[in-house]
Each structure stands twice: as structure tokens, then as C-alpha cells.
Amino acid sequence: RELTRQRGWSVFSDGTVDPLRTALRFEVVTTVLEAFERSMEGGSAGAIFRDVSNTMPARYAIQTAAMDGIVSGYTDADGKLTGYFGPFDTV
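All of the points below concern the structure found in this document. Predicted model, so just to flag it, every value in this text is computed and none were measured. (Residues numbered from 1 in each chain as written. Predicted model: local features only at pLDDT ≥ 70, side-chain atom pairs only at ≥ 80, totals over all residues. Heavy atoms only, no water.)

Here we look at unusual backbone geometry
What counts is decided by this rule: The helix and strand labels rest on DSSP assignments: H or I over at least four residues marks a helix, E over at least two residues marks a strand, and numbering proceeds from the N terminus.
Positive phi values are uncommon outside glycine, yet E37 reaches one of about 55 degrees. By the element assignment, E37 lies in the loop between α2 (25–35) and α3 (59–67).

Notes on the environment of T75
Threshold: Throughout this description, buried means an accessible area under 20% of the type-specific maximum (1.4 Å probe, protein chains only), exposed means over 50%, and partly exposed covers the range between. Only heavy atoms matter for contacts: two residues are in contact if any of them lie within 4.5 Å across the pair.
Checked against the element boundaries, T75 lands in the segment after α3. Accessibility expressed as a relative area gives 46% for T75, which makes it partly exposed. Separated by 10 residues in the primary sequence, T75 and F85 place their C-alpha atoms 9.4 Å from one another. Apart from residues lying up to four places away in sequence, T75 is in contact with K80, L81 and T82.

Focus on α3
The buried count for α3 comes to 7 of 9 residues, which makes it a mostly enclosed element. The set of residues buried in α3 consists of R59, A61, I62, Q63, T64, A65 and A66. Tucked inside the fold, the buried residues of α3 contact α2. One or two steps after α3, the chain reaches G69, where phi turns positive at roughly 80 degrees.

Here it is, written out as C-alpha cells:
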């Protein structure tokens, strides 16, 4: 926990995240990109996922992960992308 604060990882920066609870999708994506020191890409939120808004702090991490092919969001029963990422869903 101390190491993540020392590195300045945003998910842990305010000390409120309980590392023993199930992680949320946006937390995992953000932490993985920060661990690999990947710069976050800007852009209009909602362009990739309908449920990622311009006010969401993790929007750049989610968009970057999608552009890099790390995440693609949810699919329907036929395997087609739905346009939703589910940032607050658990992993």
C-alpha cells in the first residue's frame, strides 16, 4: 500500500481505496497503465464507450487502454461490442 502511494498511482493517492475489496474495472485499467508508465491519451470521452463521461477522472486511462487494444468493453450474446465499458463494475 505504501509503495503505491510513493509511486503516485492515482487510484491509491487519497488513501481511501481498500485493497482487500474487489477491484473496479477503472481502477485496474488505471493502475496497470500507471505501473507501465504509459502516458494517458486525451480525447473526447464517450467517443469509445458510452458509459465513460467527460467528468470521469479515469476517462483518459480507459480511452488509452482501448486505443492500445488492452480493453474492448462488453459484448452482447452474439459477440458484438455494445459500446459499454462498465467502469464501476467489479473485475
